[in-house]
Amino acid sequence: MDSMATLPIVQYEEKIIETVERNPVVVVIGETGSGKSTQLSQMLYRRGYADSARIAITQPRRVAAVTVARRVAQELGVQLGEEVGYAIRFEDRTSHRTRIKYLTDGVLLRESLVNPELNEYSVIILDEAHERSLNTDILMGLMKRLAKIRTSNLKVLITSATLDGDKVSNFFRDCPVLTIPGKLYPVEILYSKERPSSYLESSLKTAIDIHVREPEGDVLIFMTGQDDIEKLVSKLEDKVRSLEEGSCMDAIILPLHGSLPPELQASKLCSDSIFLIENCAYHWLELFSASCKYYNFYMNQYKVRVFSPPPPSCRRIIVATNIAETSLTVDGVVYVIDSGYVKQRQYNPSTGMYSLDIVQISKVQANQRAGRAGRTRPGKCYRLYPSQVYNDEFLDVTVPEIQRSSLAGSVLYLKSLDLPDIDILKFDFLDPPSSESLQDALKQLYLIDAIDENGAITSIGQKMAELPLEPSLSRTLMEANDYGCIPEALTVAAMLSAETTLLPGRSKTEKKRKHPEPNLPDGFGLGDHIQLLQIFECWDQTDYDIGWCKDNGLQVRGMLFVRDVRKQLSQIMQKIAKGPLDRRRGESRQDYRNLRKALCVGYANQLAERKMHHNGYRTLGFQGQVVQVHPSSVLKADDLGKFPDYVVYHELIATPRPYMRNVCSVEMRWVVPVINKLKTLDVYKLSGGTGPVEEENERNIPDLPKKNVEVTAGVDDSESRIQAARERFLARKGKK
DNA sequence: GAGCACTGC
């Protein structure tokens, strides 16, 4: 563990204090190992900055907030939760005595919903701002405004990376930039002569070369995903086994990615660091609602695995995703192999579709990866691409999340803050999202009644913003409140919040089984939302039995998370609930009509209509994408093999074929109001009449008749055909 | 009939 005296930042204390004293905003470039996360707050604390109010330090990750707070409490010799505390979702470990408060950026955002001036704080430090998380980006915009309003009693510090320090400084009116060197050992960068045709093969060859020729030290290989990792691990194992015995040291090959259970990640990598283990365990405990019931169970697992020592004189070759870039630190790494790629989720605002693409990393990421080789002694980084690619093709910084996600939630949040001097469409972002993306968000919010036709937030929208959910789910909850099905809607919302962690862990062996979970409910064939609800209800009936989850192939961690989310949502809903928030066990036997009606209102922006003669669907509201129900869905076709005419979907994912994931059947008569609303949509007006006028309007109106038209497609007499089809549609509507 | 980078309220 570093002692305070050896941290580089300590020598800069005077300079830092002096700069902060004179400026409302300061950018601090703190390289890895500079000690900025633990020391900045203490310096300011010592100089009296926490006398009148608190010092807040945000972190993009929960574990980081907890770890750093614990460390600082230790250094100051105080009890965690007293002078030094932290706040993360589900857990607030602060007291009235707390002067230094670590929190996740999301928690600070929630706090500013209650108190937009954030008067509780005299100093706000946005740490790791270079990671450009969606929340940090929004906070940066808010800080710019706050610094202007609270000139006399607020200091803002932004920590960032070398490559975009100036950019952040420009954003904050050319505020000063302080650079604090890190405590990394030098890392030699070695480039490939050319781009490999297969970076899997190239990684394999490089790793074996290192293993055979270089002195001891672990190897860390950055790959893009689980699939490649598993392939490379098995190839490496074969190769290592085939090496002549005694020709070099032993090697163990370890995969490392997010879908491995956390205790496995810890056991393999933290040979000497009880510190990290303790925090992993803590993280788990805190996920388990502090009910100590499960604590011993998991601690025992940790003990068994964690303290088993690694084989002596054995090189570890770790094959990882970018989880090892920031979230997990692996001790003992001396060699890094960087493929130069990463898997990134992107949102397309014109289709409403997400895709998961393999993209080139940025220079910041490449340097972060290289830095992983120099933590314990001088290291080497093998980049599997030429230096020219790094210089000419890599972006300086990663495309910020705000430019890669749907902004409906963020826009609603900003609208709900009701800052008189802030216009959302002109909101001052470090990197503004495209106007297309903002208009998409406005359109979505309008369709679910969160904003009115002029773009002003409605009373429904105001209540929705208080819920830590995506807008479609918070709208569903509001509607469920009127239909008397809050208990069910709460469960569905919570289940979908944990979506990815919930579904059965798909290991290689499970893949082969055709029906892995025969005992799980099927949603009565009505759709996945209903199934999720039924699954939770079954689990509830077992009194949250962990064994039950395991027997049914459900991730324990995910299910416990769902229980916590549901509890949190139900606390927030308590204030406005018109009926009970829970059903008596076993009471809920119904056809889920009201719940599906509520879903139809909440997902008005995520509706699809089945095509006439097959089971493909067309999305309404976007450009009418043709999409399929995801094969994993439990939605049932009728006796004629037809899916329902209308469904709502939770997510569109292009993989690369476009699928709707998590669908629920709805009835046409519930859909009609939505379609009518789509017709009145005026994006220009929604933008407050300030946005650019675009033809957007035309294509936002679902081209309802088209599906009927296709039957006779041929000559172009579209006008009359559309008219005829519209009549057919109306007739059909009348019949039902 | 198919495929899952990583976070977070």
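One can find the structure itself at the top, above this paragraph.
Per-chain numbering applies: the sequence of each chain, read as written, is numbered from 1 onward. Each chain is given a letter, starting from A, and each ligand a number, starting from 1, according to the order in which they appear as written. Reporting of local features is limited, given that this is a predicted model, to residues whose pLDDT is at least 70; pairs of side-chain atoms are given and counted only at 80 or more, and all residues count toward the totals for whole chains, interfaces and linings. Hydrogens are left out, water is left out, and the side-chain values use all remaining heavy atoms of the structure.

Engineer: Can you walk me through unusual backbone geometry in this structure?
Structural biologist: Negative phi characterises most residues that are not glycine, and trans characterises most peptide bonds. Phi at Leu-118 is positive, roughly 50°, even though this residue is not glycine. Residue placement: Leu-118 occurs in the loop between helix H4 (105-114) and strand E6 (121-126). Its relative accessible area of 4% is what places Leu-118 among the buried residues. Although it is not a glycine, Arg-132 sits at a positive phi angle of roughly 55°. Along the polypeptide, Arg-132 turns up in the loop between E6 and helix H5 (134-149). You can call Arg-132 buried: its relative accessible area is 2%. Note on conventions: DSSP H or I runs of at least 4 residues are helices, E runs of at least 2 residues are strands, and numbering of each starts at the N terminus. Relative accessibility under 20% of the residue-type maximum defines a buried residue, over 50% an exposed one, and the middle range a partly exposed one, all with a 1.4 Å probe and only protein chains included.

Engineer: I would appreciate a short explanation of the sheet that holds strand E10 (residues 218-222) in the present structure.
Structural biologist: The strands that make up a sheet pair up through hydrogen bonds in the backbone, lying either parallel or antiparallel. Criterion used throughout: strands pair if DSSP finds at least two bridges between them. If you trace the six strands from one edge of the open sheet to the other, you get E9-E16-E13-E10-E12-E11, paired in parallel fashion. Each having just a single partner strand, strand E9 (187-191) and strand E11 (250-256) make up the two edges of the open sheet. With direction set aside, neighbouring strand axes in the sheet form an average angle of 20°. Bridging between strand E13 (residues 333-338) and strand E16 (residues 379-383) involves four bridges; their strand directions are parallel. Bridge pairing in E16 links Ile-337 to Tyr-382. Between the N-to-C directions of two axes lies an angle of 0 to 180 degrees, each axis being a line fitted to C-alpha atoms and, for a helix, fitted only over the stretch in contact.

Engineer: Help me understand empty space enclosed by the protein in this model?
Structural biologist: One water molecule sets the probe size; rolling that probe over the atoms shows where empty space is left. Residues are called lining when one of their atoms sits within 4 Å of a cavity or pocket point, these points coming from a 1 Å grid over the protein atoms alone, where a cavity is a set in which a 1.4 Å probe fits but cannot get out and a pocket is an open set with protein on both sides within 12 Å along at least five of seven lines. Grid points are joined across faces, edges and corners, and a volume is the space filled by probe spheres set on the points. Overall, the coordinates contain four cavities of 30 Å³ or more when judged by the stated rule. Put simply, the second largest cavity is a space of about 40 Å³. Considering the residues around the second largest cavity, the lining is formed by Ser-112, Pro-116, Leu-118, Leu-142, Met-143, Arg-145, Leu-146, Leu-417 and Leu-419.

Engineer: Can you help me understand the pattern of salt bridges in this one?
Structural biologist: Between side chains of opposite charge, a pair can form as their charged atoms come close. The salt bridge criterion pairs a side-chain nitrogen of Lys or Arg with a carboxyl oxygen of Asp or Glu, the two atoms within 4 Å. Overall, the coordinates contain 40 salt bridges when judged by the stated rule. Among the salt bridges present, the one from Glu-128 reaches Lys-36, with a minimum N-O distance of 3.4 Å. Of this pair, Glu-128 sits in the loop between E6 and H5 while Lys-36 sits in helix H2 (residues 36-46); the two residues are 92 residues apart in sequence, bridging distant segments of the chain. With a closest N to O distance of 2.4 Å, Asp-449 and Lys-677 form a salt bridge.

Engineer: How should I be thinking about helix H14 (residues 408-417) in this particular structure?
Structural biologist: Count 3.6 residues to each turn of an α-helix, and residues three or four apart come out pointing the same way. With nine of 10 residues buried, H14 is to be regarded as a mostly interior element. Every buried residue belonging to H14 is among Ala-408, Ser-410, Val-411, Leu-412, Tyr-413, Leu-414, Lys-415, Ser-416 and Leu-417, and all of these are buried. In this structure, the buried residues of H14 make contact with H4, H5, helix H15 (435-447), helix H16 (459-465) and helix H17 (471-483). Of the residues one or two after H14, Asp-418 is the one with positive phi, at around 50°. Every residue pair with non-hydrogen atoms within 4.5 Å of one another is taken to be in contact.

Engineer: Just checking my understanding: could you explain the pairing of strand E1 (residues 25-30) for this structure?
Structural biologist: One face of the sheet, then the other: side chains in a regular strand alternate in exactly this way. Counting buried residues along E1, six of its six residues qualify, which places the element largely inside the surrounding structure. Burial along E1 is two-sided: the residues Val-25, Val-27 and Ile-29 and Val-26, Val-28 and Gly-30 are all buried. Judged from the five bridges that link them, E1 and strand E7 (residues 155-160) form a sheet pairing that is parallel. Within E7, the residue paired with Val-28 across the bridge is Thr-159.

Engineer: Which parts of the structure should I look at to understand the packing of H17 against helix H18 (residues 486-497)?
Structural biologist: In a pair of packed helices, the angle between the axes and the distance between the axes together describe the arrangement. Relative to each other, H17 and H18 sit at 170°, their axes nearing to 8 Å. By the angle between their axes, H17 is roughly antiparallel relative to H18. For the pair H17 and H18, the contacting residues are Leu-473, Leu-477, Ala-480 and Asn-481 in the first and Ile-486, Ala-489, Leu-490, Ala-493 and Leu-496 in the second. Grouping the constituent residues of the contact of H17 with H18 by class yields eight nonpolar, one polar and no charged. Relative orientations are named as follows: roughly parallel for angles under 35 degrees, roughly antiparallel for angles over 145 degrees, roughly perpendicular for angles from 65 to 115 degrees, and oblique for any other angle. Classification convention: Asp, Glu, Lys, Arg as charged; Ala, Val, Leu, Ile, Met, Phe, Trp, Tyr, Cys, Pro as nonpolar; all other residues, Gly among them, as polar.

Engineer: Teacher, can you tell me more about the pairing of strand E21 (residues 658-666) here?
Structural biologist: Burial analysis of E21 places seven of its nine residues in the buried class, the great majority of the element. Note that strand E19 (residues 626-629) and E21 share two bridges and pair parallel. Residue Gln-628 lies in a different strand from E21, and its bridge partner there is Tyr-659. Hairpin connection between strand E20 (residues 646-654) and E21: a loop of three residues separates the two successive antiparallel strands.

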